[in-house]
Amino acid sequence: MDLPLYTNLQFTANPVYIDQAGVGITGIFVMNTGSGYVAYESTCPNQEIASCSAMTLNGIMAVCPCDESEYSLFNGQSEGKEYPLKQYRVDVINPSLIRVSN
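Okay, so let's go over this structure.

Here is what the cut-offs are and how they apply
Residues numbered from 1 in each chain as written. Predicted model: local features only at pLDDT ≥ 70, side-chain atom pairs only at ≥ 80, totals over all residues. Heavy atoms only, no water. Pairing = 2+ DSSP bridges. Helix = DSSP H or I, 4+ residues; strand = E, 2+ residues; numbered from the N terminus. Core = buried A, V, L, I, M, F, W, Y, C linked by side-chain atoms within 4.5 Å. Buried < 20%, exposed > 50% of the residue type's maximum accessible area, 1.4 Å probe, protein only. Contact = heavy atoms within 4.5 Å.

**Topic: the pairing of strand β8 (residues 97-101)**
Argument step 1. Bridge analysis of strand β7 (residues 87-94) against β8 gives five bridges, and the strand direction is antiparallel. Bridging from a neighbouring strand, V90 pairs with V100 of β8.
Argument step 2. Hairpin connection from β7 to β8: two residues lie between these consecutive antiparallel strands.

The following block contains the structure:
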C-alpha cells in the first residue's frame, strides 16, 4: 500500500480499481471501510460477460454500464438485484500490506 496507486486505501471510503493482468475477470475494487478492507470483482454480477459488464467507480458505488445499476462497496448489494458483487477474501498482513484472494 506504499505505492501511489494504493494511497487512497489509507483513508475510509476511497475505493481503488485494480486492473492488472490476472486480477479478477475485469479487475477488482478494493476499499477501506473504516473497520477493515473489502474487495469485489469489477464485473457486473447480474449481466453476462460482455463489453458493457466491466463496472466503473462513482464514489463508493460500483456502476454497471449495461443497466446503470449501482452496487454499494460497503456491502456489495444493489437494490432490486438478484446477485450481489462477488466478494474476495482480504487479509491484512501488516499496516502496509494486504492480500486479496478467492
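**Looking at the nonpolar core**
Argument step 1. F29, M31, V38, Y40, C44, M55, A62, C64, Y71, L73 and L85 form the largest nonpolar core, which has 11 residues in total.
Argument step 2. Within the residue set of this core, elements represented by two or more residues are β2 (28-32) and β3 (37-41).
Argument step 3. Among all residues touching M31, those that are not within four sequence positions of it are L9, A13, N14, P15, G36, Y37, V38, I60, L73 and F74.
Argument step 4. Listed in part, the 10 residues of the second largest apolar core include M1, I18, I28 and V30.

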